[in-house]
Amino acid sequence: MYGKGRRGVMMPLPQDVGDALLAYIENARPVVASDRVFLRVQAPFTPLRSSAEIAGIVSRVLRRGGFTGLPTGSHVFRHSLASAWLRGGADLDLIGAALRHSSRDTTAIYAKVDVGMLAEVAQPWPGYES
């Protein structure tokens, strides 16, 4: 698998994800001579060409769901996952490792944008009641 910056990376695959992939490959994926797992759902069944194509799919799905004003690139999945892990109490360094960030500052961006979580951990200003 290729990660950020087209660097090869090995990641663990949970059993339920492996089971879902196997079911997709055996039951739903079109039979074509491509080694790519995910293909377009309409003929010709070719691999997705770019992240822009994925962004378009995300955008259409969000629009159909009535969501507007949200990021629509594939990055929204990384951000959602990191925010969910953070809300669940995951360590920022572990999140950074899973997202393959080279800097802790990059991962800290996810903590900065979670205003609800920041409100929960905010300390009162010295001399003032909260």
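As a reminder, the structure under discussion sits directly above these lines.
Parameters and conventions
Residues numbered from 1 in each chain as written. Predicted model: local features only at pLDDT ≥ 70, side-chain atom pairs only at ≥ 80, totals over all residues. Heavy atoms only, no water. 1 Å grid on protein atoms, 1.4 Å probe; cavity = no way out; pocket = protein on both sides within 12 Å on 5 of 7 lines; lining within 4 Å. Points joined across faces, edges and corners; volume = space filled by probe spheres on them. Helix = DSSP H or I, 4+ residues; strand = E, 2+ residues; numbered from the N terminus. Nonpolar A, V, L, I, M, F, W, Y, C, P; charged D, E, K, R; others polar. Core = buried A, V, L, I, M, F, W, Y, C linked by side-chain atoms within 4.5 Å. Buried < 20%, exposed > 50% of the residue type's maximum accessible area, 1.4 Å probe, protein only.

Caption draft 1: Representation of the layout of surface pockets in the model. Taken as a whole, the second largest pocket holds about 170 Å³ of empty space. In terms of lining, the second largest pocket is formed by Val 58, Leu 62, Leu 70, Pro 71, His 75, Val 76, Phe 77, His 79 and Ser 80. For the lining of the second largest pocket, the elements supplying multiple residues, two or more each, are helix H2 (51-64) and helix H3 (75-87). If you tally residues by element for the lining of the second largest pocket, the top one is H3, at 5 residues. Each residue belonging to the lining of the second largest pocket can be placed in one class, and the counts come to 6 nonpolar, 3 polar and no charged.

Caption draft 2: Just the nonpolar core, in detail. Formed by Ala 82, Leu 86, Leu 92, Ile 95, Leu 99, Ala 108 and Tyr 110, the largest nonpolar core amounts to 7 residues. Mapped onto this core, the elements with two or more residues apiece are H3, helix H4 (92-98) and helix H5 (104-112).

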